[in-house]
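Coordinate inspection notes
The chain contents come next:
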Amino acid sequence: MRYTMPYAAPGQVIGLLGGSFDPAHAGHAHITTEALKRFGLDRVWWLVSPGNPLKSRGPEPLPKRMARAREVMQHPRVEVTDIEDQLGTRFTAQTVARLRQLYPQVRFVWLMGADNMAQFHQWQDWRRIMETVPIGVLARPGQRISARMSRAAGLYAPYRIPGRFGHLLARAEAPAWCFVNVPMNDASSTAIRARGGWSAQTG
Ligand SMILES: Nc1ncnc2c1ncn2[C@@H]1O[C@H](COP(=O)(O)OP(=O)(O)OP(=O)(O)O)[C@@H](O)[C@H]1O
Ligand SMILES: O=C(O)c1ccc[n+]([C@@H]2O[C@H](COP(=O)([O-])O)[C@@H](O)[C@H]2O)c1
């Protein structure tokens, strides 16, 4: 396979937003621009997943999801990528480890919505992820409390950076995480799929 991995300059801080993006929507674009502002990031890479390991339902084909993601997210500091497909990784701990090998001079920050923080302790090697990269968590409607009460939040409470100091996350040593209470957008892929149309569309 020919790799088409994105370029990153030495010393840059790249936020990684992983997701099924089935389909991408305004909520994803919104948290991405908020993360750029609030966490002191240079760039964000979207990692369009070959398939979430915790979801039994297979997503729409990757090229179709990539094409929609590129329509939804157009920003000079954001790149939509199929890195996990290229690397053959499905679990985030593996993806992060490979990226750190491939880009030793770059700093990575893992980004996620509050719903994923609430379930984070179910991810493979989640503590290794916590101990390896700083994590930025963005508010999502109905999920702020569950994220703050989550197992990961409890165990790593001493390593939480208050939201008003979010700009320090990019240069913090892991473990470090920060929840930011940004203005919320209630878009969701589940709701879009339920309205119909997305699965009927060809790539
Ligand atoms: N409206 C939103 N507000 C905050 N975070 C969001 C929002 N939508 C998605 N995210 C976050 O973006 C990442 C990728 O989300 P994903 O592709 O699963 O979209 P989704 O709308 O949650 O999909 P689904 O409804 O199929 O679970 C996750 O970290 C998720 O928490
Ligand atoms: O590594 C895991 O065990 C794991 C479990 C669930 C989700 N993830 C990742 O979390 C990101 C969000 O997934 P999703 O399907 O909720 O959009 C995406 O990058 C997934 O690969 C990762």
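Per chain, residues are indexed from 1 in the order of the written sequence. Think of it this way: whatever chain is written first is A, whatever ligand is written first is 1, and the rest follow in order. With pLDDT at 70 or above as the cut-off, local features in this predicted model cover only qualifying residues; side-chain atom pairs require 80 or more to be listed or tallied, and sums for whole chains, interfaces and linings still use all residues.

1. Description of the overall build of the protein chain
- A tally of regular secondary structure across the protein chain gives 9 helices and 6 strands.
- C-alpha atoms define the radius of gyration in this analysis, and the globule rule sets the expected value at 2.2 Å times the number of residues to the power 0.38. Taken against the 2.2 N^0.38 rule, which gives 17 Å for 203 residues, the C-alpha radius of gyration of the protein chain at 16 Å falls within 12% of a compact globule.
- Taken over the C-alpha atoms alone, the protein chain extends approximately 45 × 40 × 30 Å along its principal axes.
- Here a residue counts as buried when 20 or more other C-beta atoms sit within 10 Å of its C-beta, as exposed when there are 12 or fewer, and as partly exposed otherwise, the C-beta atoms being derived from the backbone. Across the 203 residues in the protein chain, those meeting the buried criterion constitute 37%.
- Here, residues touch in the contact sense if the C-beta positions derived from the backbone fall within 7 Å of one another. Across the protein chain, the fraction of contacts at a sequence separation of at least 24, relative to all contacts at a separation of at least 6, is 77%. Helix and strand labels come from DSSP, where a helix needs a run of H or I of at least four residues and a strand needs a run of E of at least two; each type is numbered from the N terminus.

2. Describing the UniProt feature "domain: Cytidyltransferase-like" (unreviewed entry) in the protein chain
- Look at the UniProt record and you will see "domain: Cytidyltransferase-like" (unreviewed entry) annotated at residues 16-195.
- The distance separating the terminal C-alpha atoms of residues 16-195 is 29 Å; by composition the span is 39% helix and 16% strand. UniProt positions are given in the numbering used here, feature names are shortened, and annotations may be inferred rather than shown by experiment.

3. A short note on the pairing of strand β3 (residues 78-81)
- Only one face of β3 is covered, namely the face carrying V78 and V80; the face carrying E79 and T81 is uncovered.
- Pairs of strands are assigned from DSSP output, requiring at least two bridges between the strands. Judged from the 4 bridges that link them, strand β2 (residues 43-48) and β3 form a sheet pairing that is parallel. Bridge pairing in β3 links W45 to E79.
- For crossovers, right-handed means that the path from the first strand over the helix to the second runs clockwise, given strands pointing away from the viewer. Taken together, β2, helix α2 (residues 62-72) and β3 form a β-α-β motif whose crossover is right-handed.

4. A few points about unusual backbone geometry
- Residue D22 is joined to P23 through a cis peptide bond whose omega torsion reads 5 degrees.
- Structurally, P23 is set in the loop between β1 (13-19) and α1 (26-38).
- The amide bond that connects A174 to the next residue, P175, takes the cis arrangement and shows omega of 0 degrees.
- Position of P175 relative to the elements: it lies in the loop between α8 (151-155) and β6 (177-180).
- The backbone of F21 sits at a positive phi, close to 50 degrees, despite the residue not being glycine.
- Along the chain, F21 turns up in the loop between β1 and α1.
- Taking the number of C-beta atoms within 10 Å as the measure of exposure, F21 has 24 and is therefore buried.

5. Details of the nonpolar core
- In this usage, the nonpolar core is the set of buried Ala, Val, Leu, Ile, Met, Phe, Trp, Tyr and Cys residues whose C-beta atoms join them within 7 Å. Counting 50 residues, the largest nonpolar core has W46, V109, W110, M117 and V137 as its most contacted members.
- For M117, the residues in contact, after removing those within four places along its chain, are M112, V137, A147, S150, A152 and A153.

6. What about the site of ligand 1?
- Nearness rests on one distance test: the residue's C-beta atom, set from the backbone, must lie within 6 Å of the molecule or strand. The local shell around ligand 1 holds 19 residues, among which G19, G27, G113, S189 and T190 are the closest.
- When residues of the shell around ligand 1 are traced back to their parent elements, those giving at least two are β1, α1, β4 (107-113), α5 (114-119) and α9 (189-195).
- Per-element tally for the shell around ligand 1: the top contributor is α1, with 3 residues.
- Here the residues of the shell around ligand 1 sort into 6 nonpolar, 10 polar and 3 charged. Residue polarity is assigned by list, with Asp, Glu, Lys and Arg as charged and Ala, Val, Leu, Ile, Met, Phe, Trp, Tyr, Cys and Pro as nonpolar; anything else, Gly included, falls into the polar class.

7. Points about the site of ligand 2
- Contacts to ligand 2 come from 15 residues, most closely from G18, G19, N52, F91 and W123.
- In the shell around ligand 2, the residues fall into 6 nonpolar, 8 polar and 1 charged.

8. Considerations on the environment of L17
- Along the chain, L17 turns up in strand β1.
- Assessed through the 24 C-beta atoms surrounding it within 10 Å, L17 is described here as buried.
- When the C-alpha atoms of L17 and L111 are compared, they prove to be 5.0 Å apart, with 94 residues separating the residues in sequence.
- Excluding residues that lie within four positions of it along the chain, L17 makes contacts with T32, V44, W46, L47 and L111.

9. A look at the environment of T190
- Considering the arrangement of structural elements, one finds T190 in helix α9.
- Residues T190 and D22, spaced 168 residues apart in sequence, show a C-alpha to C-alpha distance of 8.2 Å.

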